[in-house]
Amino acid sequence: MKLTKSQTVAFGIGAVGKDMVYALSASYVMYFYQDILGLSATFVGLILMIARIFDAVNDPFMGILVAKTRTRWGRFRPWLFSGTVLNAVVLYALFATPDLKETSLMVYFTVVYILWGTTYTMMDIPYWSMIPAVTDTPKDRENLSVVGRTCASVGSAFIMVGTLITVNALGGGNERRGFGIFALIVAVIFIAAEVFCCFKVREQRLEKVETSTIGQMFKALFGNDQALITVLAILLVNSSLYLTSNLAIYFFKYDVGGAVWKGNYTIFTTIGGVFQILGMMVMYQLLHKKLSNTSLFKVAVTMAVMGYGLILLLCFIGLGSNMLLLCLCGALMFMANGILIVLTTVFLSSSVDYGELKTGRREESVIFSMQTFVVKAASGVAVFITGIGLDLIGLVGNADETGEVVAQSANTILGLRLLMTILPILGLVIAFLFFVKKFTLTDDKVQEIADTLKKKKDVNKND
């Protein structure tokens, strides 16, 4: 089935909306509940980790439900629409918190955040599962993956660039009130984007095939070694990225500091967002003309590690507050992350064909449910580490959101710098080592698998 321009545009708009929602939750939940509302950082991180454990059970079953769905609107769009509406409502509740005492607030946060993760799963799995279902051409799938991931970064960039300044304006200086209003605006944009995506994107007509049992589906998933290696890479790469996004706000508020810390943070995240998009839209395309996807993965990891290392070096030589140098390092890191995000999606899409050739079953919903899980797990791991780390280094937050920034000790600042750089480097290095040793789906191998499957389908049609 040929991929049309209108489908591509609609798919991209859907990615913008859904990742605005995800970025708001992933990047600001810790800051909102710990620094503004005054809950323990360790408690917030623990709840996020518990929610990820719940998702570990929920996500694959969501993938199974999607795979078994048969409606006149297809397998994916009914779940995409219903999950979007529910998630938008819960997102607003997450940031529009009522005035509660500490214990009641802890309970409220726990319940609402778990509901947020569940409803996000309902729409995210069918969204990414549509890639192999919309087109059966490897090049079109790669392009759709690039568009989806690029537009997802655009959505994330919108949140990273303007959130703090917009929240301050909406709340009249009161961040708590501003976050609630901002969440409502994002929720409305989210619904509009996904409705447009549902209306325009069409799936291939489903053939009558035997429905897999739950056991068969899990066997297909865990029998796909390339999907599992890709999932591990996604976990490590995204954990590194989310550690950066979670800690950057504390780094600029308490280390770089100054009266204009919000402006500096906005500049840094703006440049990071722009270069992440450039990494997806421009650098990936340019480098892929000369390098295979597997070689490009190695180059991108190296670039990201260099960026983190340079930031740490600047801090140690007394240039940690130099915005020009910090932004140059950030540009290198985020450009590399942009390339890596596209590559891991392309690899996962290729693993669907690999799994079909190996097992005889095409389990795109189950495999892509693992992407949903590990991306959320990555944010959970990152926030959990952030929470424990902030408490261990003794960071004192600003529970009074309109007060002066609390000064931190020298040891706290040193710990903050190490958390923001060394931990992401370790994650990227581990991802690199596993990838080099275990991943076998080169560009030539992917095309060979696609050709083999096409021949089998042609033979079956003739029979």
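Residues numbered from 1 in each chain as written. Predicted model: local features only at pLDDT ≥ 70, side-chain atom pairs only at ≥ 80, totals over all residues. Heavy atoms only, no water.

J.: Just to check I follow, could you spell out the overall build of the protein chain for this structure?
T.: The secondary structure content of the protein chain amounts to 14 helices and zero strands. Traced from its N-terminal end to its C-terminal end, the protein chain shows the element sequence α-α-α-α-α-α-α-α-α-α-α-α-α-α. Classification of the 463 residues of the protein chain by burial places 57% in the buried group. Taking contacts inside the protein chain between residues at least 6 apart in sequence as the whole, the part at least 24 apart equals 85%. Total accessible area computed for the protein chain in this model is approximately 18,500 Å², and 67% of it derives from carbon and sulfur atoms. (Helix = DSSP H or I, 4+ residues; strand = E, 2+ residues; numbered from the N terminus. Buried < 20%, exposed > 50% of the residue type's maximum accessible area, 1.4 Å probe, protein only. Contact = heavy atoms within 4.5 Å. Areas by Shrake-Rupley, 256 points an atom, 1.4 Å probe, with all protein chains shown as cover.)

J.: Is there a simple way to think about the nonpolar core in this case?
T.: Nonpolar side chains tend to gather and get buried jointly when the protein is soluble and globular. One finds Leu24, Tyr28, Tyr33, Phe95 and Phe109 to be the most contacted residues of the largest nonpolar core, which totals 136 residues. Excluding anything up to four places from it in sequence, Phe109 contacts Val29, Tyr33, Phe43, Val44, Ile47, Leu48 and Leu94. (Core = buried A, V, L, I, M, F, W, Y, C linked by side-chain atoms within 4.5 Å.)

J.: Help me out: how do you make sense of helix H13 (residues 410-438) in this one?
T.: An α-helical segment advances 3.6 residues per turn. Residues three or four places apart therefore align on the same side. For H13, with 29 residues, the first-to-last C-alpha span of 42 Å sits near the 42 Å given by 1.5 Å per residue. Along H13, the helix axis deviates most sharply at Leu419, where the bend reaches about 30°. (Expected span 1.5 Å × (residues − 1). Bend = angle between axes of the 7 residues up to and from the residue.)

J.: Which parts of the structure should I look at to understand a nonpolar patch on the surface?
T.: Among the surface-exposed residues, Leu310, Leu313, Phe316, Ile317, Leu319, Leu414, Leu418, Ile422 and Leu426 lie close enough to one another that they form a single nonpolar patch of about 760 Å² accessible area. Mapped by element, the contributors of at least two residues to the nonpolar patch are helix H10 (293-316) and H13. For the nonpolar patch, the element with the highest residue contribution is H13, accounting for four residues. Residue classification places Ile422 among the partly exposed positions, given a relative accessible area of 34%. (Patch = residues over 30% accessible without salt bridge, like charges linked within 9 Å, V, L, I, M, F, W, Y side chains within 5 Å. Salt bridge = Lys/Arg side-chain N within 4 Å of Asp/Glu carboxyl O.)

J.: Please explain the side chain of Thr266 as it appears in this structure.
T.: If you trace the backbone, Thr266 turns up in helix H9 (residues 261-288). If we ignore the near neighbours within four places in the chain, the residues touching Thr266 are Val161 and Ile165.

J.: Even after reading the chapter, I still don't get the packing of aromatic side chains, so can you show me in this structure?
T.: A ring pair, where both rings are aromatic, is described by two values, the distance of the centres and the angle of the planes. Taken as a whole and judged by the stated rule, the model has 25 aromatic pairs. Considering the side-chain rings of Tyr31 and Tyr250, the 6.3 Å spacing of their centres and the 75° angle between planes classify their relative orientation as edge-to-face. Taken together, the residues span a long stretch of sequence, with Tyr31 in helix H1 (residues 5-36) and Tyr250 in helix H8 (residues 225-256) at a distance of 219 residues. For the pair Tyr31 and Tyr250, one class covers both residues: buried. Among the aromatic residues, ring-to-ring pairing joins Tyr22, Tyr28, Phe32, Tyr33, Phe43, Phe95, Phe109, Tyr113, Trp116, Tyr120, Phe179 and Tyr242 into one connected group. (Phe/Tyr/Trp six-rings, centres within 6.5 Å; stacked < 30°, edge-to-face > 60°.)

J.: Would you explain the state of the cysteines in this entry?
T.: Think of a disulfide as a covalent bridge from one cysteine sulfur atom to another cysteine sulfur atom. Counted according to the given criterion, the structure contains zero disulfides. A disulfide-free cysteine, Cys197 has its sulfur positioned 5.8 Å from the sulfur of Cys198, the nearest such atom. For Cys197, a relative accessible area of 0% puts it in the buried group. (Disulfide = S-S within 2.5 Å.)

J.: Looking at this structure, I do not really get H8. What am I missing?
T.: Here H8 spans 44 Å end to end across 32 residues, near enough to the 46 Å set by a 1.5 Å rise per residue. Where H8 bends most, at Leu247, the angle is about 35°. In terms of burial, H8 is largely enclosed, as 28 of its 32 residues are buried. Positioned one or two residues after H8, Gly257 has a phi angle of 60°, which is positive.

J.: Looking at this structure, how should I read the pattern of salt bridges?
T.: Pairing between side chains of opposite charge can happen when the charged atoms of each approach one another. Counted by the stated rule, this structure contains six salt bridges. The shortest N-O distance in the salt bridge between Lys18 and Asp124 comes to 2.6 Å. Of the two residues, Lys18 sits in helix H1 while Asp124 sits in helix H4 (residues 102-134), which places them 106 residues apart along the sequence. In this structure, Lys262 and Glu175 form a salt bridge, with 3.6 Å as the shortest nitrogen-oxygen distance. Of this pair, Lys262 sits in helix H9 while Glu175 is found in helix H6 (residues 175-200), placing the two residues 87 residues apart along the sequence. Accessibility expressed as a relative area gives 22% for Lys262, which makes it partly exposed. Residue classification places Glu175 among the buried residues on the basis of a relative accessible area of 2%. In the salt-bridge network here, residues are joined through shared partners; they are Lys18, Asp19 and Asp124.

J.: Honestly, the side chain of Thr119 in this entry has me stumped. Any pointers?
T.: With respect to the helices, strands and loops of the structure, Thr119 is situated in helix H4. For Thr119, a relative accessible area of 8% corresponds to the buried category. Within the structure, the side chain of Thr119 is placed 2.9 Å from the side chain of Asn87, a separation counted as a polar contact. Here Thr119 is in contact with Gly83, Leu86, Asn87 and Val90, once residues within four sequence places are set aside. (Polar contact = N/O pair within 3.5 Å; in protein donor to acceptor, adjacent residues only side chain to side chain.)

J.: Can you help me understand the environment of Tyr254 in this one?
T.: Checked against the element boundaries, Tyr254 lands in helix H8. With relative accessibility at 8%, the residue Tyr254 sits in the buried group. Tyr254 sits 159 residues away from Ile413 along the chain, and the two C-alpha atoms are 7.6 Å apart. A polar contact of 3.0 Å, which involves the side chain of Tyr254, links it to the side chain of Asp35.

J.: I keep staring at the confidence of the model for the protein chain and nothing clicks. Help me out?
T.: Low-confidence regions, as indicated by low pLDDT, have predicted coordinates that should not be scrutinised in detail. When pLDDT is averaged along the protein chain, the result is 84; 87% of the residues meet or exceed 70. Element-level mean pLDDT values for the protein chain span from 62 in helix H7 (residues 214-222) up to 94 in H10. (pLDDT = per-residue confidence, 0-100.)

J.: When you look at the environment of Asp35 in this model, what are you seeing that I'm missing?
T.: By the element assignment, Asp35 lies in helix H1. Along the backbone, Asp35 and Tyr250 are 215 residues apart, and their C-alpha atoms lie at a distance of 9.4 Å.

J.: Looking at this structure, I do not really get the packing of H9 against helix H11 (residues 323-359). What am I missing?
T.: Between two packed helices, both the angle of their axes relative to each other and the distance between the axes serve to describe the pair. Two elements in contact, H9 and H11, have axes whose closest approach is 7 Å; the angle formed by their N-to-C orientations is 45°. Relative to H11, the element H9 is oriented oblique. For the pair H9 and H11, the sense of crossing is right-handed. Classifying every residue of the contact of H9 with H11 by side-chain character gives 19 nonpolar, seven polar and no charged. (Axes fitted to C-alpha atoms, helices over the stretch in contact; angles between N-to-C directions. Parallel < 35°, antiparallel > 145°, perpendicular 65-115°, else oblique. Left-handed = near helix turned anticlockwise from the far one by under 90°. Nonpolar A, V, L, I, M, F, W, Y, C, P; charged D, E, K, R; others polar.)

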